[in-house]
Every structure is written in C-alpha cells, then in structure tokens.
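What follows is each chain in one-letter form.
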Amino acid sequence: MWEVKAAPGRVDELLAVVLERADPAAQVYRSRDGRVVVIDPTGHGIGGVDAELIDRPAHSWTFQEVTRG
C-alpha cells in the first residue's frame, strides 16, 4: 500500500501521475482531503512523484493477504 497527501490544490495533478504510473493490477483511491492511496498486489508502489505535488513524503507498507476460511 502506498499513500500520499497532495499539496494544496494539486490533487488532480497528483492523481493523474499516479494513474499513469500505477501497475494495471493496482487499485487507486482518493479522499476528500487530498490523499491518494494505491493498493498494489505487485508491491511496486509509485516512484518519481514530483515533490511539488505532495504535501509530505509518501508512506508505504507491505502487506500479506490473509486467507479466510
């Protein structure tokens, strides 16, 4: 999982970059407060996002799927 908060007024630009760079298998979400979250089963994340598009450095976590049953 990869999460970043957009710089004020820049969420649409950030989202465009993320959608361009995210793996096709990834799920991309946005929040009302300007955060963009990527859930990427490949673990590649998003690299090379211009610093002026973000309010703070991205956070990322690696998860393991848990089988239910």
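Anyway, here's the lowdown on the structure attached to this text. (Residues numbered from 1 in each chain as written. Predicted model: local features only at pLDDT ≥ 70, side-chain atom pairs only at ≥ 80, totals over all residues. Heavy atoms only, no water.)

## Digging into the overall build of the protein
Here is the rule: In DSSP terms, a helix is any run of H or I states spanning at least four residues, a strand is any run of E spanning at least two, and both are numbered starting from the N terminus. For every residue, the accessible area obtained with a 1.4 Å probe (protein chains only) is divided by the maximum for its type, and the residue is called buried under 20%, exposed over 50%, and partly exposed between those limits. In what follows, a contact means two residues having at least one pair of non-hydrogen atoms within 4.5 Å.
Across its full length, the protein holds 1 helix and 4 strands. Put simply, the protein runs from its N terminus to its C terminus through helices and strands in the order β-α-β-β-β. Expressed along its principal axes, the backbone C-alpha trace of the protein runs to roughly 45 × 20 × 15 Å. Burial analysis of the protein (69 residues in total) assigns 29% to the buried set. Pairs at least 24 apart in sequence give 62% of the contacts found in the protein among residues at least 6 apart.

## What about helix α1 (residues 11-21)?
Where we set the bar: Summarising the geometry, the arc corresponds to the directions from the helix axis toward the C-beta atoms.
Buried within α1 are the following residues: Val11, Leu14, Leu15, Val17 and Val18. The buried side chains of α1 occupy one side of the element, clustering within an arc of 160° when seen end-on. Among the exposed residues of α1, those oriented more than 90 degrees off its buried face are Asp12, Leu19 and Glu20. Taken together, the buried residues of α1 touch β1 (2-5), β2 (27-30) and β3 (35-39).

## What about the sheet that holds β1?
Using the following cut-off: Only when DSSP finds a minimum of two bridges between them are two strands counted as paired.
Pairing in this open sheet of 4 strands is antiparallel, and the strands run β2-β3-β1-β4 from one edge to the other. The open sheet has two edge strands, β2 and β4 (59-60), and neither has a second partner. With 2 bridges joining them, β1 and β4 adopt antiparallel strand pairing. Along β4, the bridge assignment pairs Trp2 with Ser60.

## Digging into the pairing of β1
Bridge count for β1 against β3 is 4 bridges, and the pairing is antiparallel. When the sheet's bridge partners are listed, Glu3 is paired in β3 with Val37.

## A closer look at the pattern of salt bridges
This is how it is decided: Just to be clear on terms, a salt bridge is a Lys or Arg side-chain nitrogen sitting within 4 Å of an Asp or Glu carboxyl oxygen.
Throughout the structure, instances matching the rule amount to 5 salt bridges. Of the charged contacts in the structure, one is a salt bridge between Glu3 and Arg35, with a shortest N-O distance of 3.2 Å. Of this pair, Glu3 sits in strand β1 while Arg35 sits in strand β3, and the two are 32 residues apart along the sequence. The buried category is assigned to Glu3, whose relative accessible area is 8%. A salt bridge links Arg10 to Glu13, with the nearest nitrogen and oxygen atoms 2.6 Å apart. When its relative accessible area of 23% is taken as the criterion, Arg10 is described as partly exposed. A single salt-bridge network, built from bridges that share partners, covers Glu3, Asp33, Arg35 and Arg56.

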